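Summary of the model geometry
Here is how the chains run, residue by residue.
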Amino acid sequence: MQEDTEVPFINNLNDTGDRTRPKGKDAFKDPQKESESSMESPNLEFEYGDTDLLTAELSELYSYTEEPEFALNRDCFEDDFKSHAGGCRWSELAVDEQRTYVMRLLNALEVTDRDKRLRVSRAILYLAQGVFDECDTEGDVLRWSRHNVFLLYDLGIFTALLDLLSMEMDNSQACSSAVRKPAISLADSTELRVLLSIMYLMVETIRVQTEDDRPEWRVARDAFRNELGAPMNSGEPFALLLFTMVTKFCSMNAPHFPMKKVLLLLWKTVLFTLGGFQQLQDLKVVRRQHLNLPPLPEDSIQVVRAMRAASPPASAMELIEQQQQQKKGRRSRRPLVKQDSLDTYNERDPFKNDDSRDEEEDPEENDSGIEGEVDPLDRDVIIQPPPPPPPLRPPTEQVNFPKGLPWAPKVREKDIEHFLESSRNKFIGFTLGNDTETLVGLPRPIHESVKTLKQHKYVSIAEVQMKREEELQQCPLSLGEEEVEETPAEMLYLGMLPNLSQYVIALLKLLLAAAPTSKAKTDSINILADVLPEEMPITVLQSMKLGIDVNRHKEIIVKAISALLLLLLKHFKLNHVYQFEIVSQHLVFANCIPLILKFFNQNIMSYISAKNSICVLDFPNCVVHEMPELTAESLEAGDANQFCWRNLFSCINLLRILNKLTKWKHSRTMMLVVFKSAPILKRALKVKQAMMQLYVLKLLKIQTKYLGRQWRKSNMKTMSAIYQKVRHRLNDDWAYGNDIDARPWDFQAEECALRENIEKFNSRRYDKNKNGEFTPVDNCLQSVLGQRVDLPEDFHYSYEMWLEREVFSQPIQWEGLLQEQ
């Protein structure tokens, strides 16, 4: 277990606290707005999905320093195309003529001259980019790119590129020269960047379905998906080749690899072959039907999309200021609050209505010595004299209560067993083990409680898989061989298993290097090799442009890694829970939990609203429209978007990963407590986006009972949000912490027991010499001699010599053999 801890340990989560912690009450405010507190921040109109819009995904493939290469690709194509087409444009050729020219390019890829091969690759890249010089609008570029990509795939370009990529990976001369260089730039990865760009454009364009797809394109999409997921020429899926590039880069053996493009291609390949979130939901429904389980109570994706964001709790600085203003503006304050005012507050829960005016109407709320989170909007009420009590509002103006909880409550079989065990101990004095049917001797209310619990009982696919695995381990002979379905997830796991620890550690190293809270260290890996130009900037404008490009580059890496890890965890969990558990354990042992907390230990509102993009330089805008003159003012202004899609997407992905690592794992939940994650996560609630708030609240819920009574008392708004937004477990004592002493934190024992189950699963299913002691022995002489044995090729040449030496020249003592018998 020690070999997994190779990622540099994050010793102190607060090592960047001075730089990232909000300083003063304006730390979270947009500098373009005069006054905007955390409570006044608008709801973010963000729709979570597998990816962003196609144009955004294509533009993130290129760094701004690669802009001159668009013209270079066009020139390489036109120089070669003129000699073939005789003055015609690509868009004017018939499809047969286009196919003929692509076949010519395919043949030219096999030349030995690297420079000629690079020029041909650039010409192919120009075709995949949509022959933009012949287009007038961005829509034309995307349409021609789609047409050309399907043409390139149909003629076998991807297979040829795969061979070239493998050859470039094994180019020891390029690797050794890059290792010796003091500074690596774009020029060191030119061939790799061109190849990876073509492959990314092909994968992303074919992956995205449109309404006007031709029937042959739909057939090609299915064929390409199967081709990427199945073992290729190297005997492994395409994703394994990209994982190998990641590990070679992180081991410093190939520092010139363009990691951003590799990670983007790896993410999109896994997304294409395994499927996105909607495909996961459909697969879960089918799998539950196959296992004869009840259908899912709801579609989680739709439930989360229908949620509204809650008003975030006040920050510590706002609370301090509010208390100071209380002392100045109020002559006296009551030490306790009346129960009826608490009831009024509960009836008018601000999480049920985002209208901030309603939150100001109850002056009693500010008198509470119990409620520690006071809205910043209430300051005006505190400073002014108390207003007269408002007239009673008619019932039509009452706050609209939600019709029901967003989630159907769930109960596990283990919860029912624990409930009955405690009830029997209390009323009868003995227990019946795991019996959940016998209710003899228990009072009527217990009968009703058990009935209610069973109505909401939920059996997960993971529980069925674990139970089946336990049966297979106990009865290997009677249950026979397990039939393993060759799904894309199964084939990917089988390929990743031998080097799984290296892959996980490499991804976390890259995530650590790209995190905005990480400090630059001399021994850390250089992820900027494919963004830094050969000549460093000499003007202020060039420096600003490069600074934006570097920050954007890091954000895209975080986006790709977070989405990739989440997809792997979700697909492996659906395929088999122990595949998910081994990836999770590798992540935990490589310090993924403190790494994610370190990522969120920053001004998260600034990260969400970062303006690290230059719209006029984004593809395909930059190749269609005239380039306006860039100024320092235009670079500082950024875009007009309310938030950065990729950064919000990354934050939600990382929160979902953290939830998956800690769910139902007591020892990992205690890690959240030990690393003091509560204030870090609570700051993330400032982002008014329902899905992000939901996963933050889930993480706070599982550790609430360990944070102490004082924390719960002073964070009642957060507790209310948990009650309203997070799924209810009917007999979960999360808000009180009554069973803390009964559950000691034994991290090593829990993880070792889990590792033992994982190793048994892998040994039973994937070990080639599995169950060797249970293999039946054939004792029939006739069948043994009748078996065909494959002998080595050299045995045929020496067979006669072997007979002479081992048989004819050796006297056989028949009497001795008989005596031994």
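Now for a quick tour of the structure.

Criteria and thresholds
Residues numbered from 1 in each chain as written. Predicted model: local features only at pLDDT ≥ 70, side-chain atom pairs only at ≥ 80, totals over all residues. Heavy atoms only, no water. Patch = residues over 30% accessible without salt bridge, like charges linked within 9 Å, V, L, I, M, F, W, Y side chains within 5 Å. Areas by Shrake-Rupley, 256 points an atom, 1.4 Å probe, with all protein chains shown as cover. Salt bridge = Lys/Arg side-chain N within 4 Å of Asp/Glu carboxyl O. Helix = DSSP H or I, 4+ residues; strand = E, 2+ residues; numbered from the N terminus. Buried < 20%, exposed > 50% of the residue type's maximum accessible area, 1.4 Å probe, protein only. Core = buried A, V, L, I, M, F, W, Y, C linked by side-chain atoms within 4.5 Å. Contact = heavy atoms within 4.5 Å. Phe/Tyr/Trp six-rings, centres within 6.5 Å; stacked < 30°, edge-to-face > 60°. Lys NZ or Arg CZ within 6 Å of the ring centre and 35° of its normal. Axes fitted to C-alpha atoms, helices over the stretch in contact; angles between N-to-C directions. Parallel < 35°, antiparallel > 145°, perpendicular 65-115°, else oblique. Left-handed = near helix turned anticlockwise from the far one by under 90°. Nonpolar A, V, L, I, M, F, W, Y, C, P; charged D, E, K, R; others polar.

1. What about a nonpolar patch on the surface?
Among the surface-exposed residues, Phe427, Ile428, Phe430 and Leu432 lie close enough to one another that they form a single nonpolar patch of about 350 Å² accessible area. On the secondary structure map, leucine 432 appears in the loop between α19 (413–427) and α20 (444–455). Classification of leucine 432 as partly exposed rests on a relative accessible area of 37%.

2. Points about the pattern of salt bridges
Overall, the coordinates contain 39 salt bridges when judged by the stated rule. A salt bridge links glutamate 66 to arginine 193, with the shortest nitrogen-to-oxygen separation between them at 2.8 Å. On the criterion of sequence distance, the pair formed by glutamate 66 in the loop between α2 (54–59) and α3 (68–85) and arginine 193 in helix α9 (residues 190–207) is long-range, its members being 127 residues apart. Arginine 193 shares its class with glutamate 66; the two are buried. If you follow the salt bridges from partner to partner, you end up with Glu57, Glu60, Glu204, Arg207, Lys268, Glu555, Lys559 and Arg646 in one network.

3. A closer look at the nonpolar core
Ranked by size, the top nonpolar core spans 194 residues in total, and within it Trp90, Phe238, Val246, Leu510, Phe600 and Met692 carry the most contacts. Tallying contributions element by element places helix α24 (residues 540–575) first for this core, with 16 residues. Not counting chain neighbours up to four residues away, the residues in contact with methionine 692 comprise Phe600, Ile604, Leu648, Cys651, Ile652, Leu655, Ala684 and Val687. Judged by nonpolar contacts, the second largest core, of nine residues, contains Val411, Phe419, Leu439 and Leu442.

4. Looking at unusual backbone geometry
The residue after phenylalanine 619, namely proline 620, is reached through a cis peptide bond having omega 5°. Considering the arrangement of structural elements, one finds proline 620 in the loop between α27 (604–608) and α28 (621–624). For tryptophan 664, which is not glycine, the phi torsion reads 60° and is therefore positive. Topologically, tryptophan 664 is positioned in the loop between α30 (645–662) and α31 (666–674). A relative accessible area of 48% means that tryptophan 664 is categorised as partly exposed.

5. Structural notes on the packing of aromatic side chains
Here the structure, examined in full by the defined rule, presents 32 aromatic pairs. Look at tryptophan 645 and phenylalanine 649: their rings are 4.8 Å apart centre to centre, the planes differ by 20°, and that puts the pair in the stacked class. On the criterion of helical spacing, the pair formed by tryptophan 645 and phenylalanine 649 is a turn pair, its members being four residues apart in helix α30. Both residues of the pair, tryptophan 645 and phenylalanine 649, belong to the buried class. Clustering of aromatic rings is evident, with ring pairs tying together Tyr62, Phe70, Phe77, Phe81, Trp90, Tyr101, Tyr126, Phe132 and Phe619. Sitting above the plane of the tyrosine 458 ring, lysine 410 keeps its charged end 3.8 Å from the centroid. Across the ring face of tyrosine 64, the terminal group of arginine 552 is positioned such that the distance to the ring centre comes to 4.4 Å.

6. So, the packing of helix α12 (residues 259–274) against α24
Closest axis-to-axis distance for the α12/α24 pair is 9 Å, and the angle between their directions is 30°. The pairing of α12 with α24 is recorded here as roughly parallel in orientation. Note that α12 runs across α24; the crossing there is left-handed. Seen from α12, the contacting residues are Lys260, Leu263, Leu264, Leu266, Trp267, Val270, Leu271 and Leu274; seen from α24, they are Arg552, His553, Ile556, Ile557, Lys559, Ala560, Ile561, Ala563, Leu564, Leu567, Leu568 and His571. Among the residues forming the contact of α12 with α24, the class breakdown is 15 nonpolar, two polar and three charged.

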